[in-house]
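Structural characterization, general
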2 protein chains.
Amino acid sequence: MRALVFDKKLFYSRDYPVPARKEREALIKVSSAGICRTDLEIIKGYMDFEGIPGHEFAGVVEDCSDESLLGKRVVGEINISCDVCAYCSADMRNHCPHRTVLGILNKNGAFADYVTLPVVNLHQIPDSVSDEEAVFVEPLAAVFEITGQVSIKEGDKVCVLGDGRIGLLAGQVLSLTGCSLTVIGKHKEKLSMLEKRGIETQLATDTMTRDFDFVIECTGSQSGFETALTIVKPRGTVILKTTVAGRRDVDLNSVVIDEITVLGSRCGPFEPAVEALRGKKVDVLPLVGKTFSLDEGVEAINYASENKAIKVLMKV
Amino acid sequence: MRALVFDKKLFYSRDYPVPARKEREALIKVSSAGICRTDLEIIKGYMDFEGIPGHEFAGVVEDCSDESLLGKRVVGEINISCDVCAYCSADMRNHCPHRTVLGILNKNGAFADYVTLPVVNLHQIPDSVSDEEAVFVEPLAAVFEITGQVSIKEGDKVCVLGDGRIGLLAGQVLSLTGCSLTVIGKHKEKLSMLEKRGIETQLATDTMTRDFDFVIECTGSQSGFETALTIVKPRGTVILKTTVAGRRDVDLNSVVIDEITVLGSRCGPFEPAVEALRGKKVDVLPLVGKTFSLDEGVEAINYASENKAIKVLMKV
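As a starting point, this report considers the structure included with it. What you see is a predicted model, and the numbers here were worked out from it, not measured in a lab.

Quick notes on the interface of chain A and chain B
- With 39 residues of chain A at the contact, the number on the chain B side is 39 residues.
- Across the interface of chain A and chain B, roughly 3,400 Å² is buried in total on both sides, 50% from carbon and sulfur atoms.
- At the junction of chain A and chain B, the tally comes to six salt bridges.
- Note that Asp249 of chain B is salt-bridged to Arg247 of chain A, the shortest N-O span being 3.0 Å.
- Counting every contact that joins chain A to chain B gives 23 residue pairs in polar contact (both at pLDDT 80 or more).
- Counting residues per element, the ones that place at least two in the side of chain A that touches chain B are helix H4 (137-149), helix H7 (224-231), strand S14 (232-240), strand S15 (248-250), helix H8 (253-257) and strand S16 (261-264) of chain A.
- In terms of residue class, the side of chain A that touches chain B is made up of 17 nonpolar, nine polar and 13 charged.
- Both S15 of chain A and strand S15 (residues 248-250) of chain B contribute to a ladder of three bridges, which runs antiparallel. Paired with Asp249 of chain A across the strands is Asp249 of chain B, a residue of S15 of chain B.

Structural data, given as structure tokens:
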């Protein structure tokens, strides 16, 4: 099959073996895949990953022991857990210490013709949601993780920091809570997408005020966490979404002095993400800057690396 | 009056002016004071403090508009707030943005014959508690802040990381919760104080397991936070107590990936601390390694800097 492969460097292969599906897995023909910032970190060395990257996708089940799924359009949760450990038993499958992670940790991903995933990881795509929209289920779910972790109430002052892919999704999802929301970013044209939806935005400046009960850090940058600490109120909460290849040099004293809560946030529930797309509560297609074919995958990754578009897709 | 003064360097003065008490303040004759790690950071430049350091003390009220306090033995909360801002109104006086902090921020401290504090900051010392024990009320209160911030339940696996002054107090206070407690430190002789009280301890090694629901980081070291991240469970909580003069170089990815909560923790409530001393629930005097006179203050600070004792006191 065709695949994009990372093995110290990224290359395109025409004859990568089709993955063999295990029992309780489905073989999925990928139809569309999205490039995430994590993919860009992976090709910088994050997670020491080798193999096929890609964890945002939509596809069609081609082989599966559950016949009711055959031919169905699906998206898939990316953590493949052992199902027997204490974490799996405690409904914390995404934290299973034995897990593999699609396109990130010991499991080939979706930048290929085919991918396999356990049936329990699959969610059907409603007819009213296109493949291109469905590619956003995974990052949208990561945003819905936030509202599951903390109770954000009407009137709470919330800042989404960052106007990249996750920031623009988080802005839309957080606006559904009725909180007092400001999305702060560095790109007027990206922020304008949210303004069209009635969401308040602000350009990042040196004079941002320390005024937020919650700051959702989605900058994707080394410095984003420290910026978040300068605008969160004492006893406020910073939700940390950014992982980076490498260490961070930070002043943590304000965390202690101001008794800040810093809460890491990763993968989230697929159901509300699918439902938000089905109900047209969020609008993801304006984020798609360019769509490449899988054959053009290396070019697509380079294009995404150069920040030429908010979201880059691959049509497989 | 006699005072220990920090003005780029630390020196002892025989003729520092006695502070004038403001309305609603008390003038307190200091009887005993404790050297805290924050004092040692201050003389390295932390907080850019200039003046008389010292914020752990016991003393006797010598002048005060509230006559019922005259002659009474007291300890004092260290944050002096404005009483009118939104934080003060919301019962977050310790986070008042206009606050001064005794011996730490724009307010002369207790390494002197006299100190002033607002009457609302004072707490009387019960007869059964000595001055030396009362000096520990402030750091003990900082430890009781933890149990106010998070709900630690019987059976929760809790690690106190660090066997310095705060670690040994935190170990004792946390043991009162009925949690499954381990205090991890680097000094066998310090840990043995806790073992005598039936508290489980462990020497820090390279093979510590990732096994704790809560890690209370009290190491006082640059690297303590990162060690805490290696032993806290996914979705667990690290309580961060350590402030340092300078920045920290850390890998924050595990905070995101494992969805860790990092919670800064500073000053705490005096009432439970006074009560714990009165009820002999904690034993602080074994921590006192050496007591100096105020005249020997510079020597006392140097002695504490060299980690020659867990706690160094000054008799004033």
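On we go.
Regarding the side chain of Thr243 of chain B
- You can see Thr243 of chain B is positioned in the loop between strand S14 (232-240) and S15.
- Leave out the neighbours within four places in its chain, and Thr243 of chain B touches Asn253, Val256 and Ile257 of chain A together with Arg37, Glu41, Tyr46 and Arg248 of chain B.

Examining the pattern of salt bridges
- Applying the stated criterion across every chain, the model contains 47 salt bridges over all chains.
- Close ionic contact of Glu145 of chain B with Arg235 of chain A constitutes a salt bridge, the shortest N to O distance being 3.4 Å. Of this pair, Glu145 of chain B sits in helix H4 (residues 137-149) while Arg235 of chain A sits in strand S14, which puts the two residues in different chains.
- Ionic pairing is found between Glu41 of chain B and Lys44 of chain B, a salt bridge with its closest N-O pair at 3.1 Å.
- Salt bridges sharing partners connect three or more residues here, namely Arg2, Lys29, Asp113 and Asp295 of chain A.

What about the environment of Ala112 of chain A?
Residue and element names in this part refer to chain A.
- Checked against the element boundaries, Ala112 lands in the loop between strand S7 (100-101) and strand S8 (114-118).
- A relative accessible area of 0% means that Ala112 is categorised as buried.
- Linking Ala112 and Thr243, residues 131 residues apart in sequence, is a C-alpha distance of 25 Å.
- Here Ala112 is in contact with Met1, Arg2, Ala3, Val30, Ile52, Leu294 and Val316, once residues within four sequence places are set aside.

Topic: helix H6 (residues 188-195) of chain A
Residue and element names in this part refer to chain A.
- Here H6 has its buried residues at Lys190, Leu191 and Leu194. Down the axis, H6 shows its buried residues gathered within 95° of arc, on one side only. Of the exposed residues in H6, the ones pointing more than 90 degrees away from its buried face are Lys188 and Glu189.

Remarks on the packing of H4 of chain A against helix H5 (residues 165-175) of chain A
Residue and element names in this part refer to chain A.
- Contact pair H4 / H5: the axes reach a minimum separation of 9 Å and the direction vectors enclose 50°. Between H4 and H5, the angle is such that the two are oblique. Considering the relative orientation of H4 and H5, their crossing is right-handed. Packed against H4, whose contacting residues are Pro139, Leu140, Val143, Phe144 and Thr147, the element H5 presents Ile166, Leu169, Ala170, Val173 and Leu174 at the interface.
- A per-class count over the contact of H4 with H5 returns nine nonpolar, one polar and no charged.

How each quantity is defined
- Residues numbered from 1 in each chain as written.
- Chains lettered and ligands numbered in written order.
- Predicted model: local features only at pLDDT ≥ 70, side-chain atom pairs only at ≥ 80, totals over all residues.
- Heavy atoms only, no water.
- Contact = heavy atoms within 4.5 Å.
- Buried area = accessible area lost by both parts, 1.4 Å probe.
- Salt bridge = Lys/Arg side-chain N within 4 Å of Asp/Glu carboxyl O.
- Polar contact = N/O pair within 3.5 Å; in protein donor to acceptor, adjacent residues only side chain to side chain.
- Helix = DSSP H or I, 4+ residues; strand = E, 2+ residues; numbered from the N terminus.
- Nonpolar A, V, L, I, M, F, W, Y, C, P; charged D, E, K, R; others polar.
- Pairing = 2+ DSSP bridges.
- Buried < 20%, exposed > 50% of the residue type's maximum accessible area, 1.4 Å probe, protein only.
- Arc of directions from axis to C-beta.
- Axes fitted to C-alpha atoms, helices over the stretch in contact; angles between N-to-C directions.
- Parallel < 35°, antiparallel > 145°, perpendicular 65-115°, else oblique.
- Left-handed = near helix turned anticlockwise from the far one by under 90°.

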